[in-house]
Every structure is written in C-alpha cells, then in structure tokens.
Amino acid sequence: MKKLTYIYILLGVAFFSACEDEAEKVTISSNPVAPALTSPGADGMEFVKADAATTIDYAWNEADFGFAASVTYNVEIALTSTFEGSASIVSSEELTGSAVVADVNAVLLSWELPINESATISSRVVATISDSVDPIYSEVSTFTVTPYETLIDYPLLYLPGAYQGWAPDADDAANLYSYNFNSVYEGIVYFDAAGEFKITDGPSWDVNYGGSAGTLEAGGANLSVAAAGAYIITADLGALTYSITATDHWAIIGDATPNGWSDPDTDMTYNGQRQMWEITTDLTAGELKFRANDGWDLNLGDNDADGSLEGGGANIAVTAGNYTIRLDVTNSTYQLIAN
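Please read these numbers as outputs of a predicted model, since none were measured by experiment. (Residues numbered from 1 in each chain as written. Predicted model: local features only at pLDDT ≥ 70, side-chain atom pairs only at ≥ 80, totals over all residues. Heavy atoms only, no water.)

S.K.: Is there a simple way to explain the overall build of the chain in this structure?
M.R.: Counting its regular elements, the chain contains two helices and 28 strands. Looking at the chain alone, contacts between residues at least 24 apart form 61% of all its contacts between residues at least 6 apart. (Helix = DSSP H or I, 4+ residues; strand = E, 2+ residues; numbered from the N terminus. Contact = heavy atoms within 4.5 Å.)

See the structure below:
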C-alpha cells in the first residue's frame, strides 16, 4: 500500500512540475503594444448622421501582449478623456467593427447632449485577453458628433374608452409606456368628460384589462374617471395593480395664440414618448405663456428668453408662423420649432 502511495505522490509531483514548466513558457510583455485607431481617422469628423440605419466603420492596428493570444477589441466613446461613464459601441475579435448610427445616437441622447448641436467626444480602442490580464488602451481620439432627435420605441399599452369611441386601433386611443422596459406602464391622459375606459395590450380587444379598487383583472369591469381633466394613469401588469391620479393639464394662451388672451386656452396634448406636452398650431406675431388648468394660479414664462421657464415668468415673444410647441414641465424647459 505504501508503494502505491509513493507512486501517486511522484506522479502528482511530476504532473505539477510539467504544468509549471508549461506556464513558464507564457510571458506577458512588460511593454505591450497598444492598438491604434486608424478609421475614422480625422479629428473633427462628424459621424452621426440622420440616417439611423447606416453604420460607422472602425478599424485599428493589432495589439501585442508579447505572446500569441485571442484578443477582444472594444471601441469606447465618452464625453471626457478620462472615460468616466463611457459606452462600448463596438466589440470584435477582428481588426474592424461597425456601430449602427441609431445606437450611437441613443448613447448621445442618454448623455443629454443638445439636439442638432455639435459636441466633441472622445474615442479609444480597448484590447483585452482575460480578466486576469490588464487591458491595454489606444491613444484617445476626438470626434465631432451631432445628435438628432429620435423617439424611443417603449413598450406600450392602449386605452380605448368613451372619450374616443372605444376603438383601441384608432389614432386617438391614448397610450401608457413602460419607460424602464418592465411590467410597469404609465402616461398622462386628458379626458374631456367623466367616463369609462379599459386597458388593452395592443390595438385590439384580444387581451384587455379592467378592475376596481386598484386591482387589475383580465377582462374585468371598466375603469373610470369621475370628472374631466388630465390624469396620471399607471398599470403594473406584473402585480396586476393600477392607479389613477388627477394632475395638471397644460395649454398656451396669449395674443399670439388662436384664442388670444381670452378663454378658452389652446389645449396641448401630452406626448408620452417625449414625456412632454405639445401642440402644432399657427401663431401670429405677439406673445404667449403656458398655463395649467385654464387658470393663472400656475403659469410659466421665460424671463431670459433662453428656453428655461420660470413660474409666473415673462411673456414669450414669437413671430408669425406655424410652430410645433413642446413643454417639458419636469425640467421647466420649452421648444418653439418653426415648421
């Protein structure tokens, strides 16, 4: 029995020594050669275009860790050269890779860069071979980008009801959106009178929800609002719960608007995808303000003509024309877009 034990020990020592010898053959260079971005190669190149389906093609030189290895390359972009909050837009084991313009634009919008305004970002290539070996980085390049406006395709539900003829497939059926791409949907809906509605998971009655006392039920009783007005409606299809909460309804008023300074206001509609109130209308030369609930208790103007709103602020001067007007109540900003 002892002889067998000795044999096992000797075999183990021999195997360990062989593995150790193999490991010694792999030596990581103390001065690895970093990849170098070769395309796009011009600083100041504007590579975000309004054609969302096109690609931005990248190329780089090979990294050298000092031994033969499978290398993964990632192209990162960031607002600063320190690459805090960076985003990876390309991953490849080759020396080329492409990023879809729409994907890059989505990153720029997530950084809250201004629409249609040029900005400078940093870009680099990162080479990695494993979690146990430090990555190596190319030199940083800078590029000019111009984000364009786009709407995110959030998952959505439909709200057919008495306010629009009980037609889930009609354009005037309001929507709830899942802004976090989960089971929770929300939106702001204006009802011009008290009435009933239901929630459907598409532009049909195939799957619909009603309920009572905050609980949703497939095919359940109609939901309702007790009076005209704007309401925040939330539906959680995972927990099968809902809430309906009255909120402010916004409009424009002023001698530049269709009804002047007199009632009624010119009502705006809540755009759930943009999460803004908006309207497209003809304006005459003059002034306007935003106000809620057809009264002056809550009104917004612009003291500095800078696109930022102040409660009770100054009237907003406009020239005559057709405009799309957007109001972001959460961030106290607005847009007057000439059409």
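S.K.: Looking at this structure, I do not really get the pattern of salt bridges. What am I missing?
M.R.: Pairing between side chains of opposite charge can happen when their charged atoms approach one another. Per the stated rule, a full pass over the model turns up seven salt bridges. With a shortest N-O distance of 2.8 Å, Arg-291 and Asp-265 are connected by a salt bridge. A residue pair is termed long-range when its members are at least 10 positions apart, and Arg-291 in strand S23 (residues 286–292) and Asp-265 in the loop between strand S19 (250–253) and strand S20 (266–267) qualify at 26 residues. Across this residue pair, the class does not change: Arg-291 and Asp-265 are buried. The network of salt bridges with common partners includes Glu-149, Arg-274, Glu-278 and Arg-326. (Salt bridge = Lys/Arg side-chain N within 4 Å of Asp/Glu carboxyl O. Buried < 20%, exposed > 50% of the residue type's maximum accessible area, 1.4 Å probe, protein only.)

S.K.: I keep staring at the confidence of the model for the chain and nothing clicks. Help me out?
M.R.: Residues shown with low pLDDT carry predicted positions that ought not to be read at fine detail. In the predicted model, the chain carries a mean pLDDT of 88, and the fraction of residues at 70 or more is 88%. Counting contacts from residues 1–24, a segment whose pLDDT is below 50, to residues more than four positions away or on other chains yields zero contacts. (pLDDT = per-residue confidence, 0-100.)

S.K.: What should I look at first to understand the nonpolar core in this one?
M.R.: Generally speaking, a soluble globular protein has its nonpolar side chains buried in company with each other. One finds Tyr-58, Trp-60, Ile-77, Ile-89 and Trp-111 to be the most contacted residues of the largest nonpolar core, which totals 29 residues. For this core, the elements supplying multiple residues, two or more each, are strand S2 (55–60), strand S3 (72–78), strand S4 (87–92), helix H2 (101–110), strand S6 (119–128) and strand S8 (141–145). (Core = buried A, V, L, I, M, F, W, Y, C linked by side-chain atoms within 4.5 Å.)

S.K.: Any chance you could explain the environment of Ala-292 here in plain terms?
M.R.: Residue position: Ala-292 is located in strand S23. A relative accessible area of 4% places Ala-292 in the buried class. A sequence separation of 44 residues divides Ala-292 from Asp-248, and the C-alpha atoms of the two residues are 5.8 Å apart.

S.K.: Is there a simple way to explain the packing of aromatic side chains in this structure?
M.R.: Pairs of aromatic rings are described using the distance from one ring centre to the other and the angle between the two planes. Going through the model one piece at a time under the given rule, you end up with 12 aromatic pairs. With a centroid separation of 5.7 Å and an interplanar angle of 45°, the aromatic rings of Tyr-154 and Phe-181 are classed as tilted. Of this pair, Tyr-154 sits in the loop between S8 and strand S9 (156–159) while Phe-181 sits in the loop between strand S10 (174–177) and strand S11 (184–191), and the two are 27 residues apart along the sequence. Judged by its relative accessible area of 52%, Phe-181 is exposed. Sitting above the plane of the Phe-83 ring, Arg-124 keeps its charged end 3.9 Å from the centroid. The lysine or arginine in question, Arg-291, covers the ring of Trp-296, its NZ or CZ lying 4.7 Å from the ring centre. (Phe/Tyr/Trp six-rings, centres within 6.5 Å; stacked < 30°, edge-to-face > 60°. Lys NZ or Arg CZ within 6 Å of the ring centre and 35° of its normal.)

S.K.: Quick question: what am I supposed to make of the sheet that holds S2 here?
M.R.: Two strands in a sheet stick together by hydrogen bonds in their backbones, pointing the same way (parallel) or opposite ways (antiparallel). Spatially, S1-S2-S5 is the arrangement adopted by the three strands of the open sheet, whose pairing is antiparallel. The open sheet is flanked by strand S1 (37–39) and strand S5 (96–100), the only strands paired with a single partner. Adjacent strand axes in the sheet meet at a mean angle of 35° when their direction is disregarded. Of the strand pairs in this sheet, S2 and S5 are connected by five bridges, and their pairing is antiparallel. Opposite Thr-55, over in S5, you have Val-100 as the bridge partner. (Pairing = 2+ DSSP bridges. Axes fitted to C-alpha atoms, helices over the stretch in contact; angles between N-to-C directions.)

S.K.: So what exactly am I meant to see when it comes to the side chain of Asp-236 here?
M.R.: With respect to the helices, strands and loops of the structure, Asp-236 is situated in strand S17 (residues 229–236). The side chain of Asp-236 sits in the buried core without any salt bridge; Lys-198 is the nearest counter-charge, 18 Å away. At 2.9 Å, the side chain of Asp-236 and the side chain of Ser-183 are in polar contact. (Lys, Arg positive; Asp, Glu negative; His and termini not counted. Polar contact = N/O pair within 3.5 Å; in protein donor to acceptor, adjacent residues only side chain to side chain.)

S.K.: Explain the layout of surface pockets to me, please; I cannot follow it from the model alone.
M.R.: Any empty space left between the atoms is revealed when a probe the size of a water molecule rolls over them. Estimated volume of the largest pocket: approximately 1,600 Å³. Surrounding the largest pocket, 42 residues form its lining, Arg-274, Met-276, Asp-328, Asn-331 and Gln-335 being those nearest its centre. Put simply, the parts of the chain that give the lining of the largest pocket at least two residues each are H2, S11, strand S22 (276–283), strand S27 (321–328) and strand S28 (333–338). By residue class, the composition of the lining of the largest pocket is 21 nonpolar, 12 polar and nine charged. Its volume calculated, the second largest pocket comes out at about 540 Å³. As for the second largest pocket, its lining consists of 24 residues, and the residues nearest its centre are Asp-172, Ala-174, Ile-188, Thr-269 and Tyr-270. Those elements that provide at least two residues to the lining of the second largest pocket are S10, S11, strand S21 (269–271) and S22. (1 Å grid on protein atoms, 1.4 Å probe; cavity = no way out; pocket = protein on both sides within 12 Å on 5 of 7 lines; lining within 4 Å. Points joined across faces, edges and corners; volume = space filled by probe spheres on them. Nonpolar A, V, L, I, M, F, W, Y, C, P; charged D, E, K, R; others polar.)

S.K.: What is the right way to read the pairing of S22 from this model?
M.R.: Among the eight residues of S22, six are classified as buried, and the element is accordingly described as predominantly covered. When S21 meets S22, the two strands line up antiparallel, connected through three bridges. Note on S22: the bridge partner recorded for Asn-271 is Met-276. Where S22 lies against S27, seven bridges are found, and the strand directions are antiparallel. Note on S27: the bridge partner recorded for Trp-277 is Leu-327.

S.K.: Help me understand the side chain of Ser-138, please; the structure alone is not making it clear to me.
M.R.: Of note, Ser-138 is situated in the loop between strand S7 (136–137) and S8. Setting aside its immediate chain neighbours within four residues, Ser-138 contacts Ala-34, Pro-35, Ala-36, Leu-37, Arg-124 and Val-125.

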